[in-house]
Amino acid sequence: MDIARSFLVDRRRSAWGALSLLALAAGLATASTVRAASASQPASLTISSGQSVQAAVNQLAPGGTLYLSGTFTEDVTISTSDITVTSAPGQIATLRGRLIIWDGANDVVISNLRLDGRNAANAPSPTVLGDRAVFRNNDVTNASTEICFILGSLNRGYVAEGTVIEGNRIHDCGKLPPQNRDHGIYLEYARDTRIVSNYIYDNADRGIQLYPDADRTLIANNVIDGNGEGIIFSGSGSLASDENTVRDNVVANSAVRYNVEYYYAPGSATGTGNLVTRNCLWGGAQGDILGDGIAFAASDNIVADPLYVDRQGKDFRLRPESPCGAMGPTSEPGPAVVAATTSSAGEPAPSSSPGAGSSQAALTSPSSPSPEPAPAPAPAPASASAPAPAPAPSSAPAPSSAPQSPPSPTSSPTTIGSTSTKGPPSTGRPKGRSTKEKKLMALA
């Protein structure tokens, strides 16, 4: 092992050690808070700006719900299974900071929130390591600083199983100009993920990256628009992403390369059982599909302008005359105000107090909260003729053709399937952070 690689391994261990300590600290805080408060944990809590989300999460028992009212700036690690974090009725709350669902914290639901993942460590957020996590009707971004969703960790052996990402707006994730590193949703080590009915747009690199080991993913009824690339199928060494289905999506206006593409290094495993079908494709900078018959089978896809209601205004609903009317979300993504409900006794629910057995002091944020990190300045634009260098594998074939302009509008859509673009893999192979080491180094 050479000196550079040895240093990287040591840094990975240090970074993961730091993250493990964070989870341990959260667990210890849970135990101490519960002992100090009461033997009975509350079924639900409602907290307001100035109180601590982490302290409140630590108090919840499995089956409990935390309602947020206002804006909160802190990193939060969830290590309790079967809890829900959502906005208080009548509001849409904001959580700014890194959100981690730790390994072993299963069946966690995050809903109806604005999740601004900017954090001092410049690490991915949300980070999902537990199983069957559900993210529903949220607005997820980080103001163009880093990866947003990352699922699983190959390096630590944490596979994220059964994650559901449904009805969200996921946008403006990753540094600009694009560096081939930062994505809206990064499935690193994941099984049986469902990514359905989302708007995924304006992310620096891939809207969705399947690399290196994401299996049995369903990507359906999304609008994936204006990302560097739409979706990539990829792998590394003996690992590849298999049995994934991409159907009934609108994938359009990828600004750097293809709407749907692949990359496998020479000699590495190639994914099997992947399907791309019944999608509406439009305006990829280098084309619409690269990899049919190599990384996936493509069938019954159309090339047509989706005719959004207002793309500039990020209203990705389709006009009645759209040729892609059968594709895209089945309902409008993003958070929505939920009306207050009443209990069977006619009392308002949930209570605005912290709950039985808890204390206001335990939920109050520190008097001097950590300052909010400022967005990192954009790096100087990279040369158009020479993309940024990538780590090993050291070489990659060049694309078979020069970048193309988006196809001209036509009166009738074009169907593409088995005749889609074939050829050498994209030069945009997944770079760096295959197991998010660079992000986690910041925690060391």
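Below, the structure is looked at part by part. (Residues numbered from 1 in each chain as written. Predicted model: local features only at pLDDT ≥ 70, side-chain atom pairs only at ≥ 80, totals over all residues. Heavy atoms only, no water.)

Let us look at the packing of aromatic side chains. Using the criterion set out here, one finds 7 aromatic pairs in the structure. Between Phe 135 and Phe 149, the aromatic rings sit 5.0 Å apart at their centres with planes inclined by 90°, giving edge-to-face as the arrangement. Residue Phe 135 is located in strand β11 (residues 134–136), and its partner Phe 149 is located in strand β13 (residues 149–151); the two are separated by 14 residues in the primary sequence. Residue classification places Phe 149 among the buried residues on the basis of a relative accessible area of 0%. (Phe/Tyr/Trp six-rings, centres within 6.5 Å; stacked < 30°, edge-to-face > 60°. Helix = DSSP H or I, 4+ residues; strand = E, 2+ residues; numbered from the N terminus. Buried < 20%, exposed > 50% of the residue type's maximum accessible area, 1.4 Å probe, protein only.)

This part covers the side chain of Asp 131. Position of Asp 131 among the secondary structure elements: in the loop between β10 (127–128) and β11. For Asp 131, which is buried and forms no salt bridge, the nearest opposite charge comes from Arg 132, at a distance of 4.6 Å. If sequence neighbours within four positions are ignored, Asp 131 has contacts with Ala 105, Asn 106, Asp 107, Val 159, Ala 160 and Glu 161. (Lys, Arg positive; Asp, Glu negative; His and termini not counted. Salt bridge = Lys/Arg side-chain N within 4 Å of Asp/Glu carboxyl O. Contact = heavy atoms within 4.5 Å.)

What follows is about the pairing of strand β9 (residues 113–116). Pairing of strand β6 (residues 93–96) with β9, which is carried by 4 bridges, proceeds in the parallel orientation. Bridge assignment links Arg 96 to a residue of β9, and that residue is Asp 116. As judged from the 3 bridges shared by β9 and strand β12 (residues 139–141), these two strands associate in the parallel manner. Looking across to β12, one finds that Asp 116 is bridged to Thr 141. (Pairing = 2+ DSSP bridges.)

A separate point is unusual backbone geometry. Note that the residue after Leu 176, namely Pro 177, is joined by a cis bond; omega there is -5°. Its place among the elements puts Pro 177 in the loop between β16 (169–171) and β17 (185–191). For the bond from Tyr 211 to Pro 212, the omega torsion is -5°, close enough to zero to count as cis. Turning to its location among the elements, Pro 212 is positioned in strand β20 (residues 206–215). The backbone of Asp 82 shows a phi angle near 60°, a positive value even though the residue is not glycine. Along the chain, Asp 82 turns up in the loop between β4 (76–78) and β5 (84–87). Phi is positive for Asp 248, which is not a glycine, with a value near 60°. Tracing the sequence through the fold places Asp 248 in the loop between β25 (245–247) and β26 (250–252). Using a relative accessible area of 10% as the deciding quantity, one classes Asp 248 as buried.

Taken in spatial order, the 11 strands of this open sheet run β1-β2-β5-β8-β11-β15-β18-β21-β25-β28-β31, and their pairing is parallel. At either margin of the open sheet sits one strand with a lone partner, and together these are β1 (44–48) and β31 (297–299). Mean inter-strand twist for the sheet, computed between neighbouring axes without regard to direction, equals 10°. Sheet topology note: the β11/strand β15 (residues 164–166) ladder contains 3 bridges and is parallel. Of the residues in β15, the one forming a bridge with Phe 135 is Ile 165. (Axes fitted to C-alpha atoms, helices over the stretch in contact; angles between N-to-C directions.)

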